[in-house]
Protein chains: 8
Amino acid sequence: MLLQKGQKLLFIGDSITDCERARPAGEGLFNALGRGYVSLVDALLQAVYPELGIRVINVGSSGNNVLDLKARWQEDVLDRKPDCLSIMIGTNDVWRQYDTPFITEGHVYADTYEATLRSLVKETKPLVSNLVLMTPFYLERNEQDAMRHTMDEYGAIVKKIAEESDSLFVDTQAAFNLVLKDLYPATLAWDRVHPSQAGHAVLARAFLNKIGFEWNRG
Amino acid sequence: MLLQKGQKLLFIGDSITDCERARPAGEGLFNALGRGYVSLVDALLQAVYPELGIRVINVGSSGNNVLDLKARWQEDVLDRKPDCLSIMIGTNDVWRQYDTPFITEGHVYADTYEATLRSLVKETKPLVSNLVLMTPFYLERNEQDAMRHTMDEYGAIVKKIAEESDSLFVDTQAAFNLVLKDLYPATLAWDRVHPSQAGHAVLARAFLNKIGFEWNRG
Amino acid sequence: MLLQKGQKLLFIGDSITDCERARPAGEGLFNALGRGYVSLVDALLQAVYPELGIRVINVGSSGNNVLDLKARWQEDVLDRKPDCLSIMIGTNDVWRQYDTPFITEGHVYADTYEATLRSLVKETKPLVSNLVLMTPFYLERNEQDAMRHTMDEYGAIVKKIAEESDSLFVDTQAAFNLVLKDLYPATLAWDRVHPSQAGHAVLARAFLNKIGFEWNRG
Amino acid sequence: MLLQKGQKLLFIGDSITDCERARPAGEGLFNALGRGYVSLVDALLQAVYPELGIRVINVGSSGNNVLDLKARWQEDVLDRKPDCLSIMIGTNDVWRQYDTPFITEGHVYADTYEATLRSLVKETKPLVSNLVLMTPFYLERNEQDAMRHTMDEYGAIVKKIAEESDSLFVDTQAAFNLVLKDLYPATLAWDRVHPSQAGHAVLARAFLNKIGFEWNRG
Amino acid sequence: MLLQKGQKLLFIGDSITDCERARPAGEGLFNALGRGYVSLVDALLQAVYPELGIRVINVGSSGNNVLDLKARWQEDVLDRKPDCLSIMIGTNDVWRQYDTPFITEGHVYADTYEATLRSLVKETKPLVSNLVLMTPFYLERNEQDAMRHTMDEYGAIVKKIAEESDSLFVDTQAAFNLVLKDLYPATLAWDRVHPSQAGHAVLARAFLNKIGFEWNRG
Amino acid sequence: MLLQKGQKLLFIGDSITDCERARPAGEGLFNALGRGYVSLVDALLQAVYPELGIRVINVGSSGNNVLDLKARWQEDVLDRKPDCLSIMIGTNDVWRQYDTPFITEGHVYADTYEATLRSLVKETKPLVSNLVLMTPFYLERNEQDAMRHTMDEYGAIVKKIAEESDSLFVDTQAAFNLVLKDLYPATLAWDRVHPSQAGHAVLARAFLNKIGFEWNRG
Amino acid sequence: MLLQKGQKLLFIGDSITDCERARPAGEGLFNALGRGYVSLVDALLQAVYPELGIRVINVGSSGNNVLDLKARWQEDVLDRKPDCLSIMIGTNDVWRQYDTPFITEGHVYADTYEATLRSLVKETKPLVSNLVLMTPFYLERNEQDAMRHTMDEYGAIVKKIAEESDSLFVDTQAAFNLVLKDLYPATLAWDRVHPSQAGHAVLARAFLNKIGFEWNRG
Amino acid sequence: MLLQKGQKLLFIGDSITDCERARPAGEGLFNALGRGYVSLVDALLQAVYPELGIRVINVGSSGNNVLDLKARWQEDVLDRKPDCLSIMIGTNDVWRQYDTPFITEGHVYADTYEATLRSLVKETKPLVSNLVLMTPFYLERNEQDAMRHTMDEYGAIVKKIAEESDSLFVDTQAAFNLVLKDLYPATLAWDRVHPSQAGHAVLARAFLNKIGFEWNRG
């Protein structure tokens, strides 16, 4: 297990991370962590590693792209001084190119995405014990699908930056691909983007496995 | 893994099972399974065993005691023909003796509890592949506490009936006791009864381990 | 124009037809016809053919499959004695096979779909001046996609029944395919099923062209 | 078709344009364009000319008169740099003279109306490819009716300014007059001002025909 | 003053009488009489003739036509045994012919209107001390307007029946015509049907003057 | 009739004047004048003197005492430049002495009341054609009742200031006393302060009679 | 103390007893007993005599008069088998004579009141250990006030029946009169009927003193 | 009785004091004092000592700890110039250590608690006639329970400061302990912190007894 006793674990991202979390930051009781994979990660850490006392904080915000993250990085990441940071961003950067193609201000193309994410990682890596980079994903089996294709490109950028920076890398698309062999996308998400609880379990498990979580301990 | 491809897994119980599930029965998309351990079990089964296509159904109802279960057993359990059935009941049977001691009609004492639960189990065991009996629990560390003491008695009854009937037995109190070593009850439930997501993760994990779930497969 | 002065034009279908129509039947002022293609057809008929005084009625119901239509056919179609009837059904018959694959009671397979729709058409064709059969559709470009593939099969059944019964046939999938060349599905519908206003315009135009509507008359 | 690929088409006006559009500007999915003629224009442009990728924006505001338009012209029109601009204003300028005759601050008389509209047109015409001026209208058949009479005067001002400035001119009153031959005003609008969907179809068709829209292309 | 101490005065009609009255019958405190002319009549009777103790009851119902009145006449009029009865009906009988011309079931034509109203009056006149018949009205100055013309026909029917039956006759259209000389219809009602408080004052005054109310007494 | 064509008539006061009026000022359609005597005055002026075109404005505010009026006098009275002004204040000045006797900051005693009201009247009288001073009132028959007694003192102050300043004086208590001979206070107001519609009719009639309103003219 | 260990104490009455209690009967946690004197009595009994375990039940219903009590007596009193019963009724019997004098069906005059209450008492006295009769009251100092005068008559009837039947008698009017010497009625109740918490404390104290409650014990 | 005629009695604390009080300060009618012990104290003071005219003010705020009190001490205590002040604080200072152990910023440890409370008392004692210090409490019978143990430590600090400063000391834990002998904690509070009405009666009685309240006087 990579996490140490008493550490602070911060998640940042878009609506998939947000999931109705509390404001200004999601932590503590009463579903303050939202209803998604962050809450599942926290629940399993408390249930299986209660003695570690990991403090999980959710600062995901619906609709965010990587530029939105940059704009609130100081306040929502650096000022909170996390020991461990997880970033999953890119869905909206890509999606806006496909659902509102005429409104080009809302698009974040690959070069901007890469440069911005890299700079955030570079600035933050030295300040944390663990940095986890999770790819964005699209719940579509067909790799030739235009939006899936673009999402894969953004996922490859995340992988490249993870390797450059020696961060932990979580390939969420690969994790979902395993499940999509047996389940049609509509079973996991009506819009192929916002997962059901089962989809969030896929995300939580991929994350936990990467940080050395052991289900059967204790 | 005890569950077979295409089987139907039904959960019945009180508010800890219910957790805002859909009516008349909780199953399918859009959080129809509620926000508790049933939803977690379903999510992890879909995420880790997608090829099994297990159909999970939640018919827990807030406020129920074992007599309420008996009253709707035909309609909510037998008529649905589950392959696997999980029962967790007893919280309200005990709690009403402590929070409204003057309203004795609401109390279900141990002899009635035992006789009723035994008869439901006897009637149903032959009709299902797997029957899981989960104890009620109370998030109180002190075994001498009056309500914890009574709850333990009811848990012992569940254990006895599980053994008699050769059912699978899940000792939820024992599972919580491990966590309570490190966490004060208020961290898991303000009222010592309705668990946080972490508490539901404890329940889901205890259940899944009993039916042979393997986190690391696949 | 196939419609005659004073005729009653009835639309039946699922949520794509319903679109928040009034109950028990949608007709008259104050958006009683809903917010979808039925309202557009009505608006354009009134705007371009005001002297015809066509009475449009919407009895689409969200979630319906062909068996639901059969169950209310007497009350919602025959008793209303339409001069012209339009049917668009099949989305849910197919979709439930893909979004809740474990809940098989909700699936309507091709043979049942075909037999049921044929019997409704046979019974009703002699009673109306015009019968319009619209295919269901799926806003997915990839014909190899499993659900698109199934939807195309159901569309072919509609075509066959239209030909057999000499009904007017509207190939909505073909109409959408033209638009999907230029627009990614997410532009027209987040869930690939419920269209935006632009998608409803595609449907309304396909319907109107089939009944001889002339935009430039008058 | 006067519109070119990728152009931005902006609509400004009062409640007849607004129709519950999103704020600060109406564009994109989820009925952001409102429920009126602007949404219809957008839907038909996407359905029939999907390859053009026209970006439609709605900045109509309920209750506005021409002075309100002037006050937000920089922010809502000029700063948005539309390629094509459509203006329909005057209803409230006239209506307030008739429904609250004692509150004279709310009245905009013909000379002010004319001078203000002319100055807005003069300033903006050089900046756009196409400028469309739509008259206000009143759903009243009787030309001797006092308010209809005044509205016709304002319509004549719009026509004069369109001619002076070589703008495209849409005579909405004339378009409605054709329909009013067959339909009593109450069929189209309970208050003779806010049209039903059929009324909005009259407006959308008049607009589209003026910019060269062809229903049967493609 | 025609009303006697302790008498019961009942008003029946459509939405113009209803005005959000209490159910099942509007009488007593807390705006139970609604917000229209009935409440004004009651208020002025109490204020000016407090010693008479007149009991006013409102059983107007929005959307009613004369056939709807007939259907509830026993329960809402006869069973309540009023001493004085006021009827104002006909608006919807006429309006539906103009706002939803295609839905002919909703129309009540003049012959049915006349026969039904006459039979109600004939049956009830012998049972009450005073019967007041108020015409329907339309807030339109132009007598050649189609709907105003029809409304005048229905008003003439009311007058004829009042004369035949020796009932008190209140010509509400005539009362409004006086005001419409100075005020445009939109000042009194946005839809020309549902009056503002000023319009209700016109109705209340016409009614009160007919029953001998003296403003300056006491 | 003291009011002239086109004059502006402003009412200021407390909750009895306010009655849910629109903000910032109550005037125009849609019950903007509230549900009390101001609305009745406006309705009767429009109904009986439509040719005068009197503009009625309501700036009463719930909970106000005379000091609250002073604080907003410039903005709500002087800046609006009324031709005729009506003031009815004092209820809360007195009531707070009786319903929250311990909270003395909320009390306005007679000397402060008199001085403040006199100064407002002195400042404003020269600026208006007509100034109407209405007494506060208390719907209690017993003159020896403590609160009624105090209210009468405040009424006497209003009378004195009206005489000094040659303003029109409306003795609302006297008007109510006539009605209270026949009706118990609870019939007119459950709390003896906020009148029913009948009570508001008493107020409106007293006001209108003072300014020369003739019910039977026209 | 007249109450014995484990006894059931039932309160019946009108809105003063009801105070938003739970339905069908008010007892147990979460303010099920309402917000009035019943809740205060229960709270003080639990706080001062916790070992007695008195079960308090509230079946007061807003708007009830003595005839309403009679209509539900079997179900709400006899079937619940109380050991001790408290009745406080009469407010509405009297009040309706004063606030809606014209609606005579709502009045319950003294003879009916007396006969009905006596018969209920006679039937029930033998079935309970203690029967408490509380008078209705009116928060008005002036005994010559018409409604106070009538209320005193009804109070005298309660006293007479209490004496006849050897029931415990609580003179609530007398208890309030002591407080009214120092506090004006409006301090205790805006409508002179529904008491503030202070008024409910007066009622609870009068009741408790009658049954032998000792504040300083324990 | 320690309170004198006309004195102002201020209560400050956390949610147990707050209980939905009005803002900015709770006093006066309409439950402005909230639904807890403060309201009970006020009600009993008015009911039993109406001639004293004690003015009770509630400035408790949910979620507050002693540092929050310090932050608003000037505005909410000193500026209001109370004659008598009651402080009950500490619940949240302790509770946060147990329900969100990982979020250490929310914890107020004993040394900070003691120093802060002492300084507030020292500053304020000379300014008031009576200062009442109430301990925090925890509705748990087991003194070895971790949170009960800590709460007792904080209670001991309150006692020490009360003695040092010669303030009145109310041992709420001791008052509850008497009741807990007979009632299980869940009867008084589901979360062992927020009391039922019975629990608030325990608090009110302990407070009143300390200031010399006599239930049987008058």
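Residues numbered from 1 in each chain as written. Chains lettered and ligands numbered in written order. Predicted model: local features only at pLDDT ≥ 70, side-chain atom pairs only at ≥ 80, totals over all residues. Heavy atoms only, no water.

What follows concerns the UniProt feature "domain: SGNH hydrolase-type esterase" (unreviewed entry) in chain A. According to UniProt, the "domain: SGNH hydrolase-type esterase" (unreviewed entry) feature falls on residues 11-202 of chain A. With 46% helix and 10% strand, residues 11-202 of chain A has end C-alpha atoms that lie 16 Å from one another. (UniProt positions renumbered as here; feature names shortened; annotations may be inferred. Helix = DSSP H or I, 4+ residues; strand = E, 2+ residues; numbered from the N terminus.)

A few words on the relation of the copies chain B and chain A. Take chain B, turn it by 180°, move it 0.0 Å along the axis, and it overlays chain A with an RMSD of 0.0 Å. Taken together, the turn and the small shift mark the pair as related by a two-fold rotation axis. No C-alpha of chain B lies nearer the rotation axis than that of W215 of chain B, which sits 3.2 Å from it. When the interface residues of chain B are mapped onto chain A, 100% of them again fall at the interface, so both copies present the same face. (Least-squares fit on C-alpha atoms with pLDDT ≥ 70 in both. Contact = heavy atoms within 4.5 Å.)

With the rule as written, the count across this model stands at 76 aromatic pairs over all chains. The aromatic ring of W215 of chain C is capped on one face by R205 of chain D, whose charged end is 5.9 Å from the ring centroid. (Phe/Tyr/Trp six-rings, centres within 6.5 Å; stacked < 30°, edge-to-face > 60°. Lys NZ or Arg CZ within 6 Å of the ring centre and 35° of its normal.)

The next thing to look at is the interface of chain D and chain C. The partner chain C presents 31 residues to the 31 residues of chain D that form the contact. Regarding the contact of chain D and chain C, the summed buried area is about 2,900 Å², with carbon and sulfur atoms giving 65% of it. There are 0 salt bridges connecting chain D and chain C. Taken together, the connections running from chain D to chain C amount to 6 residue pairs in polar contact (both at pLDDT 80 or more). Among the elements of the structure, α2 (37-48), α9 (185-188) and α10 (197-210) of chain D are those that each provide at least two residues to the side of chain D that touches chain C. Looking at side-chain class alone, the side of chain D that touches chain C contains 19 nonpolar, 7 polar and 5 charged residues. (Buried area = accessible area lost by both parts, 1.4 Å probe. Salt bridge = Lys/Arg side-chain N within 4 Å of Asp/Glu carboxyl O. Polar contact = N/O pair within 3.5 Å; in protein donor to acceptor, adjacent residues only side chain to side chain. Nonpolar A, V, L, I, M, F, W, Y, C, P; charged D, E, K, R; others polar.)

The next thing to look at is the packing of helix α5 (residues 91-99) of chain E against helix α7 (residues 146-165) of chain E. Residue and element names in this part refer to chain E. Where α5 meets α7, the closest approach of the two axes is 10 Å, and the angle between their N-to-C directions is 150°. On the basis of the axis angle, α5 is roughly antiparallel to α7. The hand of the α5/α7 crossing is right-handed. Mapping the contact onto sequence places T91, D93, V94, W95, Q97 and Y98 in α5 and A146, M147, T150, M151 and Y154 in α7. A per-class count over the contact of α5 with α7 returns 7 nonpolar, 3 polar and 1 charged. (Axes fitted to C-alpha atoms, helices over the stretch in contact; angles between N-to-C directions. Parallel < 35°, antiparallel > 145°, perpendicular 65-115°, else oblique. Left-handed = near helix turned anticlockwise from the far one by under 90°.)

On to the environment of L117 of chain D, then. Residues and elements named next belong to chain D. Mapped onto the elements, L117 comes out in helix α6 (residues 110-124). Taking C-alpha positions, L117 is 22 Å from K8, a pair spaced 109 residues apart along the chain. In this view, L117 contacts V66, I87, I89, V158 and I161; residues no more than four positions away in its chain are not counted.

Let us look at the interface of chain B and chain A. Chain B puts 31 residues into the contact, and the matching count from chain A is 31 residues. Together, the buried faces of chain B and chain A total about 2,900 Å²; carbon and sulfur atoms form 65% of this surface. The interface formed by chain B and chain A holds 6 residue pairs in polar contact (both at pLDDT 80 or more) in total. Among the residues forming the side of chain B that touches chain A, the class breakdown is 19 nonpolar, 7 polar and 5 charged.

Right, let's talk about the packing of helix α10 (residues 197-210) of chain G against helix α2 (residues 37-48) of chain H for a bit. Closest axis-to-axis distance for the α10 of chain G/α2 of chain H pair is 8 Å, and the angle between their directions is 70°. Between α10 of chain G and α2 of chain H, the angle is such that the two are roughly perpendicular. Read as a crossing pair, α10 of chain G and α2 of chain H show a hand that is right-handed. Here Q197, A198, A201, V202 and R205 of chain G of α10 of chain G come into contact with α2 of chain H, specifically with S39, A43, L44, Q46, A47 and V48 of chain H.

Moving on to the pattern of salt bridges. With the rule as written, the count across this model stands at 106 salt bridges over all chains. A salt bridge links R148 of chain E to D152 of chain E; the shortest N-O distance between them is 3.0 Å. Separated by 4 residues within a single helix, R148 of chain E and D152 of chain E lie in helix α7, roughly one turn from each other. Using a relative accessible area of 3% as the deciding quantity, one classes R148 of chain E as buried. Across the pair E27 of chain F and R55 of chain F runs a salt bridge whose closest N-O atoms are separated by 2.8 Å. (Buried < 20%, exposed > 50% of the residue type's maximum accessible area, 1.4 Å probe, protein only.)

Right, let's talk about the sheet that holds strand β4 (residues 130-134) of chain A for a bit. All names here are of chain A. In space, the 5 strands of this open sheet follow the order β2-β1-β3-β4-β5, with parallel pairing throughout. The strands lining the two open edges of the sheet, one partner per strand, are β2 (55-58) and β5 (168-170). Neighbouring strand axes in the sheet, compared pairwise and without regard to direction, differ in orientation by 15° on average. Both strand β3 (residues 84-88) and β4 contribute to a ladder of 5 bridges, which runs parallel. Among the inter-strand pairings, L85 is bridged to a residue of β4, identified as L131. Running at roughly 165° to strand β1 (residues 8-13), helix α2 (residues 37-48) makes contact with β1, β2, β3 and β4 of the sheet. Docked against the sheet, helix α10 (residues 197-210) engages β1, β3, β4 and β5, running at close to 155° with respect to β5. (Pairing = 2+ DSSP bridges.)

Time to look at the sheet that holds strand β5 (residues 168-170) of chain G. Residue and element names in this part refer to chain G. The 5 strands lie next to each other as β2-β1-β3-β4-β5, forming an open sheet whose pairing is parallel. Single-partner strands in this sheet number two, and they are β2 (55-58) and β5. Adjacent strand axes in the sheet meet at a mean angle of 15° when their direction is disregarded. Bridging between strand β1 (residues 8-13) and β2 involves 4 bridges; their strand directions are parallel. By the bridge assignment, L9 is partnered in β2 with V56. Against the sheet, helix α2 (residues 37-48) makes contact with β1, β2, β3 (84-88) and β4 (130-134), and its axis sits at roughly 165° relative to β1, the strand it touches most.

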